[in-house]
Amino acid sequence: MAALDARGISAWFGERKVLDRVSLTMRAGQVTALIGPSGCGKSTFLRILNRMHELVSGASLAGEVLLDGQDIYDSSRRVTDARRQIGMVFQKPNPFPAMSIYDNVISGLRLTGVKASRRDLDDLVEECLAKAGLWKEVRDRLRQPGGALSGGQQQRLCIARSLAVRPRVLLMDEPCSALDPTSTRRIEETIGELVAEVTIVIVTHNMQQAARVSDECAFFLASQGTPGAIVEYGPTSAMFDNPQDSRTYDYVHGRFG
Ligand SMILES: Nc1ncnc2c1ncn2[C@@H]1O[C@H](COP(=O)(O)OP(=O)(O)OP(=O)(O)O)[C@@H](O)[C@H]1O
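Residues numbered from 1 in each chain as written. Predicted model: local features only at pLDDT ≥ 70, side-chain atom pairs only at ≥ 80, totals over all residues.

### Digging into the overall build of the protein chain
- Check the secondary structure of the protein chain and you find ten helices and ten strands.
- Against the compact-globule benchmark of 18 Å for 257 residues, the protein chain has a radius of gyration of 18 Å, which places it among compact chains.
- Its C-alpha atoms put the protein chain at 55 × 45 × 30 Å along the principal axes.
- Residue burial in the protein chain is summarised as follows: out of 257 residues, 44% are buried.
- Across the protein chain, the fraction of contacts at a sequence separation of at least 24, relative to all contacts at a separation of at least 6, is 70%. (Helix = DSSP H or I, 4+ residues; strand = E, 2+ residues; numbered from the N terminus. Rg over C-alpha atoms; globule rule 2.2 N^0.38 Å. Buried ≥ 20, exposed ≤ 12 C-beta atoms within 10 Å, placed from the backbone. Contact = placed C-beta atoms within 7 Å.)

Encoded structure:
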């Protein structure tokens, strides 16, 4: 578990600037929600937090991202280390569909070349599936393909896969937007349980969800063609009940976006 501190983050796609000097501290052991209307740069900001933005051709950025005080963009640090320590769960569940549930969970580990005994792997698979709230549903069918699970179960499998490499931070980009309300509830419960051991940053369009799962909220806005920036951030209760900026009030109460 670690704090993540973004300092002065600006981002571009080609010539187009989409984020302007965004600074945000995401505290260790808390859930931070990134909220704001479509296109204001939330996903771009999230992807900068684990060095995925640089995978897009023509994309660039400025600023620092400190993981417990160390800049993940420092030239002495490897990209793969940043992505292992700062995991990501995407909008659409993306398990390897033909791979077994068991192998899906340990697939990240295999990529990093870690060697472990069968017994250790069995323990890890159980631990991660339990933490992701999926163990009881799949314990008797670990050899079945990941693609045979329901959408909500696939998303929890993706969470288990992320946990297997023992990340310190978990980034979630609208993890429930493709799920039904029951599966959404289940993921939200999982987030509540995971935050005891991994710092969580979640992008969500759902204000009720932000209110339910997060400790702190950051409200992003890109007004009239300007790059996205944070209007206001703070404890979720204050952002919803007593925001300082009228634009925050209007957004969280559904008046725009
Ligand atoms: N791969 C890309 N190439 C060029 N422009 C992009 C790319 N990805 C995003 N953008 C642009 O960057 C801006 C910010 O997009 P981003 O997806 O970060 O916003 P967002 O707030 O996450 O939106 P949404 O809530 O709709 O997902 C948008 O104007 C978008 O069109």
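Let's pick the thread back up.
### Focus on the pairing of strand 6 (residues 86-89)
- Residues Ile86 and Met88 of strand 6 are buried on one face, and the alternating residues Gly87 and Val89, pointing to the opposite face, are buried as well.
- As defined by bridge partners, strand 6 adjoins strand 7 (residues 169-173) across four bridges and the pair is classed as parallel. Paired with Met88 across the two strands is Leu171, which belongs to strand 7. (Pairing = 2+ DSSP bridges.)

### A few points about the nonpolar core
- If you look at the biggest cluster of nonpolar residues, it comprises 72 residues, and the most contacted ones within it are Leu49, Ala160, Val201 and Phe219.
- If near-sequence neighbours (up to four positions away) are discounted, Phe219 is found in contact with Ile35, Gly36, Ile230, Val231, Glu232, Tyr233, Met239, Thr248 and Tyr251. (Core = buried A, V, L, I, M, F, W, Y, C linked by C-beta atoms within 7 Å.)

### Looking at the environment of Arg77
- Locating Arg77 in the fold gives a position in the loop between strand 5 (70-71) and helix 2 (79-85).
- For Arg77, the contacting residues outside a window of four places in its chain are Ile72 and Ala82.

### Quick look at the packing of helix 6 (residues 151-163) against helix 7 (residues 181-194)
- Packing of helix 6 against helix 7 brings their axes to within 9 Å, and their N-to-C directions diverge by 20°. Between helix 6 and helix 7, the crossing angle belongs to the class labelled roughly parallel. Judged by the twist between their axes, the crossing of helix 6 over helix 7 is right-handed. Here Gly151, Gly152, Gln155, Arg156 and Ile159 of helix 6 lie close against helix 7, whose contacting residues are Ser183, Arg186, Ile187 and Thr190.
- Looking at the contact of helix 6 with helix 7 residue by residue, the classes come out as two nonpolar, five polar and two charged. (Axes fitted to C-alpha atoms, helices over the stretch in contact; angles between N-to-C directions. Parallel < 35°, antiparallel > 145°, perpendicular 65-115°, else oblique. Left-handed = near helix turned anticlockwise from the far one by under 90°. Nonpolar A, V, L, I, M, F, W, Y, C, P; charged D, E, K, R; others polar.)

### Looking at the packing of helix 3 (residues 101-111) against helix 6
- Where helix 3 contacts helix 6, the axes come no closer than 6 Å and their chain directions differ by 40°. It follows that helix 3 is oblique to helix 6 by the angle criterion. Here helix 3 and helix 6 pass one another in a crossing that is right-handed. The segment helix 3 lies against helix 6, with Ile101, Asn104, Val105, Ser107 and Gly108 engaging Leu157, Ala160 and Arg161.
- Its residues assigned to classes, the contact of helix 3 with helix 6 comprises four nonpolar, three polar and one charged.

### Quick notes on the site of the ligand
- Lining the immediate environment of the ligand, one finds Phe13, Val18, Gly36, Ser38, Gly39, Cys40, Gly41, Lys42, Ser43, Thr44 and Val56.
- For the shell around the ligand, the element with the most residues is helix 1 (residues 42-48), which contributes three residues. (Near = placed C-beta within 6 Å.)

### Some thoughts on the UniProt feature "domain: ABC transporter" (unreviewed entry) in the protein chain
- With numbering aligned to this structure, UniProt lists the feature "domain: ABC transporter" (unreviewed entry) at residues 4-252.
- In this annotation, residues 4-252 is assigned 36% helix and 26% strand; the end-to-end C-alpha distance for the span is 25 Å. (UniProt positions renumbered as here; feature names shortened; annotations may be inferred.)

### Observations regarding the sheet that holds strand 10 (residues 229-235)
- Across the sheet, which stays open at both edges, the six strands sit in the order 6-7-8-3-9-10 with mixed pairing between neighbours. If you trace the sheet from one side to the other, it starts and ends with strand 6 and strand 10, each paired once. Averaged over all pairs of adjacent strands, the angle between their axes in this sheet comes to 15°, without regard to strand direction.
- Inspection of the sheet shows strand 7 paired to strand 8 (residues 199-203) by five bridges, in the parallel sense. Looking at strand 8, one finds that Asp173 is bridged to Val203.

### What to know about the sheet that holds strand 4 (residues 59-67)
- Read across the sheet, four strands follow the order 2-1-4-5 without closing on themselves; strand pairing throughout is antiparallel. Taken across any chain shown, the strands that pair with only one partner, and hence form the sheet edges, are strand 2 (16-26) and strand 5.
- Pairing of strand 4 with strand 5, which is carried by two bridges, proceeds in the antiparallel orientation. Directly across from Leu66, in strand 5, lies its bridge partner Asp71.

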